[in-house]
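Residue-level structure breakdown
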Amino acid sequence: MEPFKVTKGIVAPLDLPNVDTDQIIPKQFLKRIERTGFGQFLFFDWRFTKDGQPDKKFEMNAAPYQGASILITRANFGCGSSREHAPWALMDYGFRCIIAPSFADIFYNNCFKNGILPVRLSEAEVDTLFKEVRQAPGFKLTVDLEQEKIFSDNGLTFTIKIPSFQRTGLLNGLDDIAVTLAQEDKIRDFELKQLKVPTPLL
Amino acid sequence: MNTPKTLFQKIWDAHVVHEAPGKPSLIYIDRHLIHEVTSPQAFEGLRLAGRTVRRPELTFATMDHNVPTTDRALPIKDQTSLRQMEALSENCRTFGVTLFDLDSPHQGIIHVISPELGLTLPGLTVVCGDSHTSTHGAFGALAFGIGTSEVEHVLATQCLIQEKPKNFLIDIEGKRPQGVEAKDLILSIIGRIGTSGGAGSVLEFAGEAIRDLSMEERMTVCNMSIEAGARAGMIAPDEKTIEYIKNRMYAPVDFENAAEAWRKLPSDPGAVFDQSVQISAATLAPQVTWGTNPGQVISVDATVPSPTDFSDENDRKSAERALEYMGLKSGTPIESIEVDHVFIGSCTNSRIEDLRRVAHFVNGKKVSAKVHAMVVPGSQAVKKVAEEEGIDRILKEAGFDWRESGCSMCLAMNPDVLQPGDRCASTSNRNFEGRQGAGARTHLVSPVMAAAAALEGHFVDIRQSGQVL
Ligand code: SF4
């Protein structure tokens, strides 16, 4: 996995609560057997009109937000399905960091496993960011995972708190499976113990 | 004396492989269920890293999401779907995983077949790359959905790295009134606590109304725990649970001993939950969702709410958008909303008891001429029993379209898709924008409510029909 230390980029707004995984990547695009190539379908039903043209009504489509790598959005982002195609699509489109007041559990976890940093800020802080972005479309933020800080060139600073296990994983681009396989002796002990239980449940 | 523990705590503690302060725990997984959509990339990952499946005998696979529900003898037209199904077959062969494929008499929606086969048992940890894995909690198992990276992790290690969730008690006291189905219980709960009310928690459903439910009804309740944002939902095992499992294909050989162990699983008296809520079953009515998330739900005898009914800014915005998408005006009586499609199916409501109730309700009547109504049994096994009992005949005579098993119009990934503007009464679990087809409008209801809507062409309060079981 690609490590995440510091990223600086354009912030794109998605001013909706409860954005679900069906919106992030509609199901008709889940049929690939690879992890890549999903970015073109991100927010598909919102981004494009019926005849396949970019929909002007969708804020993120505006010119200043092209090439954005940070997404700000509202509460409960990523609710719904466990599909990892959602973070794959966000990543493939170019997002490395998503800022929201809250995230759905499975989605939050899935982000870390794919090199995306999900950041929880308070409603008020997110409001501030929406205001900044709208005042100056193309507005940039720097997200520093090492320092656990987010800041802008015009002096805004936010302290962020990322669970330490996930933070270490992301900073080093660690592969969870390798981390677990290093505990082989513990897994084997557990399996032996489980086999000895008088009523094996398995 | 040991400290009293909840059902969840007992299962969690029995599965911790390793824990260290300040870090997520490593927990052991007893059952891993996989399907064609969320597993190909996991197997690809294993191959690239030169890894194997640690305990292939604990992983079980089927194809459900993408499969056509028309005649199985016909060739599959959608080449990309076919590619996913072929990839699953190939991966199961290579890695030694048991697969119930399209031709198997055990094929069906993964969350329907695992309990049918006796793979879902009390006290187990069960995971699947699908959020509705929470269904299996109905047996007193700790069951939750995972992403594809985690699927790969379980394949390689039979373990998962997990933050210990909180534990939330939902106590539903009293008896359900007539016409109020398991689906209405869970929709009411979600309406009450909200779509993120269960975030970070494992829900335990308890109380008389829950104990009274059959195993299939308990699955309906646990199935939708995820729609309340919960990690999982569970119900304490009891004699009904044990009876259900007895003689199933994969039931434990030493059944009596296993059953003894299961009887020790329910939460101890005095066990502490992080949060709890009480709901009185007697106050509940049949539910219909009016919006685009399962929390936007109301009783059938009410009217479509107005955004101004909500004090929270986000809820208000959400409601405004939902009403626009759904093409509804506030103040409209729910019963006057007309539907043109009815879908009875999905891992929430496609089991034999659901179909029996529907057949009982529609027997001798006709589906409205304006409505296309479809019934998709959850599994080949459900379909077989239904056909033996003549349920298919009753439904077909009433004008329902009777299909082969699969996820079908629950997520409309196969050819069963609605058109923009179509309005559907659906027994599935998600009414998100576009879930059943771009621009299509979904109302979640119980199976009998869906059947009634099919007959009348609009929602009806089934309590008035004098005909509910
Ligand atoms: S029936 Fe629907 S919710 Fe259930 S597993 Fe299939 S797609 Fe998911």
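In what follows, the structure referred to is the one given above.
These numbers come from a predicted model, not from an experiment.

**A word on the pairing of strand β10 (residues 201-206) of chain B**
Consecutive residues of a regular strand have side chains that alternate between opposite faces of the sheet. All names here are of chain B. Among the six residues that make up β10, six are buried, leaving the element largely enclosed by the rest of the structure. Every second residue of β10 is oriented toward a common face, with Ser-201, Leu-203 and Phe-205 on one face and Val-202, Glu-204 and Ala-206 on the other, all of them buried. Looking at chain direction, strand β9 (residues 166-173) and β10 are connected through six bridges and run parallel. Each bridged residue has a counterpart across the sheet, and for Leu-169 the counterpart in β10 is Glu-204. Taken together, β9, helix α6 (residues 182-193) and β10 constitute a β-α-β crossover, and its handedness is right-handed. Two strands pair when backbone bridges link them, and β10 and strand β11 (residues 232-234) are joined in this way by three bridges, in the parallel orientation. Within β11, the position partnered with Glu-204 by the bridge is Met-234.

**Here's the deal with the interface of chain A and chain B**
The interface is formed by 56 residues belonging to chain A together with 76 residues belonging to chain B. Of the roughly 5,200 Å² buried at the junction of chain A and chain B (both faces included), carbon and sulfur atoms supply 55%. At the surface where chain A touches chain B, the tally comes to nine salt bridges. Where chain A packs against chain B, one counts 32 residue pairs in polar contact (both at pLDDT 80 or more). Partitioned by chemical class, the residues of the side of chain A that touches chain B number 18 nonpolar, 16 polar and 22 charged.

**Quick look at the sheet that holds strand β2 (residues 70-73) of chain A**
Residues and elements named next belong to chain A. Strand order in this open sheet of seven strands is β4-β3-β2-β1-β5-β6-β7, and the pairing throughout is mixed. The sheet is open, and its two edges are formed by β4 (117-120) and β7 (157-159), each paired on a single side. Pairs of neighbouring strands in the sheet enclose a mean axial angle of 25°, with direction left out of account. Pairing of β2 with strand β3 (residues 97-100), which is carried by three bridges, proceeds in the parallel orientation.

**Digging into the site of the ligand**
His65(B), Ile109(B), His111(B), Asp130(B), His132(B), Ser346(B), Cys347(B), Cys407(B), Cys410(B), Leu411(B), Asn429(B) and Arg435(B) make up every residue found near the ligand. Broken down by class, the residue content of the shell around the ligand amounts to five nonpolar, five polar and two charged.

**Quick look at the environment of Val277(B)**
All names here are of chain B. Inspection of the secondary structure assignment puts Val-277 in strand β12 (residues 275-280). In sequence terms Val-277 and Arg-192 are 85 residues apart; their C-alpha atoms lie 9.7 Å from each other. Dropping the residues within four chain positions of it, Val-277 is found in contact with Phe-168, Leu-169, Ile-170, Asp-171 and Ile-193.

**Observations regarding the side chain of Asn114(A)**
Along the chain, the position of Asn114(A) falls in the loop between α4 (105-112) and β4. Sequence-distant contacts of Asn114(A), defined by excluding residues within four places in its chain, comprise Met1(A), Glu84(A), Pro87(A), Trp88(A), Met91(A) and Ser149(B).

**Observations regarding the packing of helix α2 (residues 40-49) of chain B against helix α3 (residues 79-95) of chain B**
Residue and element names in this part refer to chain B. In the contact formed by α2 and α3, the axes pass within 10 Å of each other and the chain directions differ by 40°. Between α2 and α3, the angle is such that the two are oblique. By crossing handedness, the relation of α2 to α3 is classed as left-handed. Seen from α2, the contacting residues are Pro-40, Phe-43, Leu-46 and Arg-47; seen from α3, they are Glu-90, Asn-91, Thr-94 and Phe-95.

**So, the pattern of salt bridges**
Under the criterion given, the structure shown has 47 salt bridges over all chains. Of the charged contacts in the structure, one is a salt bridge between Glu148(A) and Lys161(A), with a shortest N-O distance of 3.7 Å. Highlighted residues: Glu148(A) in the loop between β5 (140-144) and β6 (149-151) and Lys161(A) in the loop between β7 and α6 (164-172), separated in sequence by 13 residues. Here Lys161(A) falls in the exposed class, since its relative accessible area comes to 66%. We note a salt bridge from Lys175(B) to Glu208(B), for which the minimum N-O separation is 2.7 Å. Residue Lys175(B) is located in the loop between β9 and α6, and its partner Glu208(B) is located in helix α7 (residues 208-211); the two are separated by 33 residues in the primary sequence. Taking the relative accessible area as the measure of exposure, Glu208(B) reaches 23% and is therefore partly exposed. Taken together, the shared-partner salt bridges connect Asp15(A), Glu59(A), Arg74(A), Asp127(A), Arg134(A) and Lys317(B) into one network.

**What to know about the packing of aromatic side chains**
If you walk through the whole model with that rule in mind, you get 21 aromatic pairs over all chains. Between Tyr93(A) and Phe95(A), the ring centres sit 5.2 Å apart and the planes meet at 25°, which makes this aromatic pair stacked. An angle of 45° between the planes, with centres 5.9 Å apart, marks the rings of Phe8(B) and Trp12(B) as tilted. Linking Phe8(B) with Trp12(B), this pair stays in helix α1 (residues 7-15), spanning four residues, or about one helical turn. For Trp12(B), a relative accessible area of 3% translates into the label buried. Through successive ring pairs, a cluster of aromatic residues spans Phe77(A), Phe103(A), Phe107(A), Tyr108(A) and Phe112(A). Between the NZ or CZ atom of Arg32(A) and the centre of the ring of Phe38(A), over which it lies, the distance is 5.8 Å.

**With respect to the pairing of strand β16 (residues 372-375) of chain B**
Residues and elements named next belong to chain B. Strand direction decides the pairing type here: strand β15 (residues 341-344) and β16, joined by four bridges, are parallel. Within β16, the position partnered with Phe-343 by the bridge is Met-374. With helix α12 (residues 352-362) bridging β15 and its parallel neighbour β16, the resulting β-α-β unit is right-handed. Here β16 runs beside strand β17 (residues 401-402); their pairing, made up of two bridges, is parallel. Counted as the bridge partner of Met-374 is Asp-401 from β17.

Scoring rules and cut-offs
- Residues numbered from 1 in each chain as written.
- Chains lettered and ligands numbered in written order.
- Predicted model: local features only at pLDDT ≥ 70, side-chain atom pairs only at ≥ 80, totals over all residues.
- Heavy atoms only, no water.
- Buried < 20%, exposed > 50% of the residue type's maximum accessible area, 1.4 Å probe, protein only.
- Helix = DSSP H or I, 4+ residues; strand = E, 2+ residues; numbered from the N terminus.
- Pairing = 2+ DSSP bridges.
- Right-handed = clockwise from strand over helix to strand, strands pointing away.
- Contact = heavy atoms within 4.5 Å.
- Buried area = accessible area lost by both parts, 1.4 Å probe.
- Salt bridge = Lys/Arg side-chain N within 4 Å of Asp/Glu carboxyl O.
- Polar contact = N/O pair within 3.5 Å; in protein donor to acceptor, adjacent residues only side chain to side chain.
- Nonpolar A, V, L, I, M, F, W, Y, C, P; charged D, E, K, R; others polar.
- Axes fitted to C-alpha atoms, helices over the stretch in contact; angles between N-to-C directions.
- Near = heavy atom within 4 Å.
- Parallel < 35°, antiparallel > 145°, perpendicular 65-115°, else oblique.
- Left-handed = near helix turned anticlockwise from the far one by under 90°.
- Phe/Tyr/Trp six-rings, centres within 6.5 Å; stacked < 30°, edge-to-face > 60°.
- Lys NZ or Arg CZ within 6 Å of the ring centre and 35° of its normal.

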